[in-house]
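Architecture and fold: a report
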Amino acid sequence: MGLEGVEPSSFMADFLAGCGGYAVVDGGLATELERHGQDLNDPLWSAKCLISFPQLVRRVHLDYLEAGANVIIGASYQATIQGFEAKGLSIEEAETLIKRSVEIACEAREIYLQRCAKGYWDFLDSPKIDRHPVLVAASVGSYGAYLADGSEYSGNYGASVTLETLKEFHRRRLQILANSGADLIAFETIPNKLEAQAYVELLKEENIDIPAWFSFSSTDGTNVVSGDPITECAKIADSCSQVVAVGINCTPPRLIHGLILSIRKVTNKPVIIYPNSGETYNGETKQWEKTRGETEEDFVSYVGKWRDAGACLFGGCCRTTPNTIRAISRALFDKSS
Ligand code: MET
Ligand SMILES: [Zn+2]
């Protein structure tokens, strides 16, 4: 799609209008791959399946589209050149796999749209299914996600990691993803201000010509995981004309309402939210722990509140499934439920 001749702000406004005012984002990708039997306890996490089981990645994207997603996020969250090299792959192979993550999502969209065109879904009860637009977002996970040592959830990289370190780490993958056929870049689970700043500078320096969203994560409802205030992080996103949505992902549902209100104090850009299930990830044991996890119904009962607070794009992150996305879609669009 790209941005040639299109103002970033109208890109998102047009898309949201085409979706009926609000857009549905997909749910947890890694979660679904695991539910289908994949062991992702690996530094590459979901990106491991780009090597071992790409058909399953495509199937999961398709499941989310069938559940009502207007945006599917590719499997590049933890796909990095450095990570693939550590597995013995060449730089060329690593770059091909990163690009492949977007191609797989585009293939799923193609299959889905063909099925819609054939009227395959006529019997389904979703009135918007034959006309909902679909965007493919290329995922960029944080430097901490690559380290796979839990620092993705602390945002604490230590003093030796500077703005330049982060820019150099992200530069090449971002170039590849920007030229992969994706409609936009999803900077996800951003843990601190420094990394948001690095992304803003890279978007400019590399003349990236597709839009982006910035999505932060929080464990206290006021700050992102590093302790940097969400308002300061959202201001950095607001300063970049290429950013078409700002929001929160992989954060417990109960914290989302307050975070939407804080973000809206500092930006008029559309707000995107895709919370996790409310369980907590233990970086040491690499397990999700049910502290006060919400049920699917609890999660969905929040959707109206989040919409009233001003969010426009809604999905799920870790531990959410196509059922969560189907329920979100119904809550947003089906007046009878
Ligand atoms: C830790 S957040 C992960 C986000 C990514 N889009 C996924 O669902 O796998
Ligand atoms: Zn997540």
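Residues numbered from 1 in each chain as written. Chains lettered and ligands numbered in written order. Predicted model: local features only at pLDDT ≥ 70, side-chain atom pairs only at ≥ 80, totals over all residues. Heavy atoms only, no water.

1. So, the sheet that holds strand S5 (residues 212-216)
Filter applied, for reference: Only strands that DSSP links by at least two bridges are regarded as paired with each other. Think of it this way: any DSSP run of H or I at least four residues long counts as a helix, any run of E at least two long counts as a strand, and we number them from the N terminus. Between two residues, a contact is recorded if the distance between any of their heavy atoms is within 4.5 Å. Simply put, an axis is a line fit to the C-alpha atoms, just over the touching stretch for a helix, and the angle between two N-to-C directions goes from 0 to 180 degrees.
Spatially, the 8 strands line up as an open sheet ordered S1-S10-S7-S6-S5-S4-S3-S2, and their pairing is parallel. On the outer flanks of this sheet lie strand S1 (23-24) and strand S2 (71-73), each paired with one strand and no other. Bridging between strand S7 (residues 271-274) and strand S10 (residues 311-314) involves 3 bridges; their strand directions are parallel. Within S10, the residue paired with Ile273 across the bridge is Phe314. Contacts from helix H9 (residues 193-205) reach strand S3 (135-140), strand S4 (184-190) and S5, with the element oriented near 175 degrees to S5.

2. Overview of the coordination of the zinc ion (ligand 2)
Where we set the bar: For Na, K and Ca the donor cutoff is 3.2 Å, while for all other metals N, O and S atoms count as donors only within 2.8 Å; water does not appear among the atoms, so some sites may look incomplete. Irregular is the label for any site that misses the other tests, which are tetrahedral for four donors with all angles between 85 and 135 degrees, and square planar for four donors or octahedral for six when opposite donors exceed 155 degrees and the remaining angles lie between 65 and 115. Throughout this description, buried means an accessible area under 20% of the type-specific maximum (1.4 Å probe, protein chains only), exposed means over 50%, and partly exposed covers the range between.
Protein ligation of the zinc ion (ligand 2) involves Cys250 (SG), Cys317 (SG) and Cys318 (SG), the donor distances falling in the range 2.2 to 2.3 Å. Around the zinc ion (ligand 2) sit 4 donor atoms, and with donor-metal-donor angles ranging over 92 to 130 degrees the site reads as tetrahedral. Along the chain, the residues that donate to the zinc ion (ligand 2) are spaced as C-x66-C-C. Residue Cys250 is located in the loop between strand S6 (243-249) and helix H11 (253-266), and its partner Cys317 is located in the loop between S10 and helix H14 (322-333); the two are separated by 67 residues in the primary sequence. Residue Cys250 shares its accessibility class with Cys317, and that shared class is buried.

3. As for unusual backbone geometry
Positive phi outside glycine occurs at Thr189, with the angle close to 55 degrees. Mapped onto the fold, Thr189 is located in strand S4. Overall, the relative accessible area of 2% leaves Thr189 in the buried class. Phi is positive for Cys250, which is not a glycine, with a value near 45 degrees. Residue classification places Cys250 among the buried positions, given a relative accessible area of 6%.

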